[in-house]
Amino acid sequence: MGGINLKEELSTGEIVTGIYKTGKYIGVITNVRPEHYLVKVKAVLRHPAQGDLHMPKEADVPLFHERRALAENEQTNIPKNMVRKYEEPLPAYKDSLVAAVAAIENELKEDARPWAVKSLEKIQLLKADYFKIK
């Protein structure tokens, strides 16, 4: 006898939040797969952490990754257990990215560890690229 699935299945077109790697996004479900939802990104709630995902908050790693936020309308597979329905007003992508970058910057500025210093350097590079004048 199978267990009862208490989590409601979401469907295409629904607005959701999803955690992808260390970033958190708002998006629209464009496809339902057995283990994942395909989500089209509409806003950034939390900017991804910088550095090595396998050695978080460590500065002395072979490759300290610069991790970009997913782009507006970029699609990504997110495990179903990392997706929740979103019912607030949808912010504009650029406004949400500005807020997410400011939030991670503020967190990093308050942390003196080498990982935070390196992360802040990466965020400054990303910030210059994200918000360049076209």
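Residues numbered from 1 in each chain as written. Predicted model: local features only at pLDDT ≥ 70, side-chain atom pairs only at ≥ 80, totals over all residues. Heavy atoms only, no water.

Draft legend 1. Quick look at the overall build of the protein. Along the backbone of the protein there are two helices and five strands. Element order for the protein, N to C, with α for helix and β for strand: β-β-β-β-β-α-α. Along the first, second and third principal axes, the C-alpha atoms of the protein reach 50 × 40 × 20 Å. Pairs at least 24 residues apart make up 59% of the contacts formed inside the protein by residues separated by at least 6 positions. Between the mean site of the 21 positive side-chain charges and the mean site of the 19 negative ones, the protein shows a separation of 3 Å. (Helix = DSSP H or I, 4+ residues; strand = E, 2+ residues; numbered from the N terminus. Contact = heavy atoms within 4.5 Å. Lys, Arg positive; Asp, Glu negative; His and termini not counted. Charge placed at Lys NZ, Arg CZ, Asp CG, Glu CD.)

Draft legend 2. Seen up close, the pattern of salt bridges. One pass over the structure, following the stated rule, counts six salt bridges. Close ionic contact of Arg 68 with Asp 129 constitutes a salt bridge, the shortest N to O distance being 2.7 Å. Of this pair, Arg 68 sits in the loop between β3 (36-46) and β4 (75-79) while Asp 129 sits in helix α2 (residues 114-130), and the two are 61 residues apart along the sequence. Here Lys 127 makes a salt bridge to Glu 105, at a shortest N to O gap of 3.0 Å. Taken as a pair, Lys 127 in helix α2 and Glu 105 in helix α1 (residues 93-109) lie far apart in primary sequence, 22 residues in all. Its relative accessible area of 31% is what places Lys 127 among the partly exposed residues. Look at Glu 105 and you get buried, because its relative accessible area is 8%. Salt bridges sharing common partners tie together Arg 68, Asp 129 and Lys 132. (Salt bridge = Lys/Arg side-chain N within 4 Å of Asp/Glu carboxyl O. Buried < 20%, exposed > 50% of the residue type's maximum accessible area, 1.4 Å probe, protein only.)

Draft legend 3. Structural view of α1. When the terminal C-alpha atoms of α1 are compared, their 24 Å separation across 17 residues agrees well with the 24 Å that a helix rising 1.5 Å per residue should span. When α1 is considered as a whole, its buried residues turn out to be Tyr 93, Ser 96, Leu 97, Ala 100, Val 101, Ile 104, Glu 105 and Leu 108. Seen end-on, α1 carries its buried residues on one side only, within an arc spanning 165°. Turned more than 90 degrees away from the buried face of α1, the exposed residues are Asp 95 and Lys 109. As for α1, its buried residues are in contact with β3 and α2. (Expected span 1.5 Å × (residues − 1). Arc of directions from axis to C-beta.)

Draft legend 4. Here's a closer look at the sheet that holds strand β2 (residues 23-32). Pairing within the open sheet is antiparallel, and its five strands lie in the order β4-β3-β2-β1-β5. Edge positions in the open sheet fall to β4 and β5 (83-85), since each of these has one partner strand only. Shown here is a sheet whose adjacent strand axes are inclined to one another by a mean of 45°, direction ignored. For strand β1 (residues 15-20) and β5, the ladder comprises three bridges, and the chain directions are antiparallel. What sits directly across from Gly 18, in β5, is Val 83. (Pairing = 2+ DSSP bridges. Axes fitted to C-alpha atoms, helices over the stretch in contact; angles between N-to-C directions.)

Draft legend 5. Here's a closer look at the confidence of the model for the protein. On average, residues of the protein carry a pLDDT of 92, and 93% of them reach 70 or more. Segment residues 1-6: pLDDT under 50, and zero contacts once partners within four positions in sequence are set aside and those in other chains are kept. (pLDDT = per-residue confidence, 0-100.)

Draft legend 6. View of the nonpolar core. Among the nonpolar cores identified, the biggest contains 20 residues, and Val 44, Ala 69, Leu 97 and Leu 108 are the most heavily contacted of them. Where this core is concerned, the elements lending two or more residues are β3, α1 and α2. Contacts of Ala 69, omitting those with residues within four sequence positions, involve Tyr 25, Val 44, His 47, Pro 48, Tyr 93, Leu 97 and Tyr 130. Among the nonpolar cores identified, the runner-up in size contains seven residues, and Leu 10, Ile 29, Val 39 and Ile 78 belong to it. (Core = buried A, V, L, I, M, F, W, Y, C linked by side-chain atoms within 4.5 Å.)

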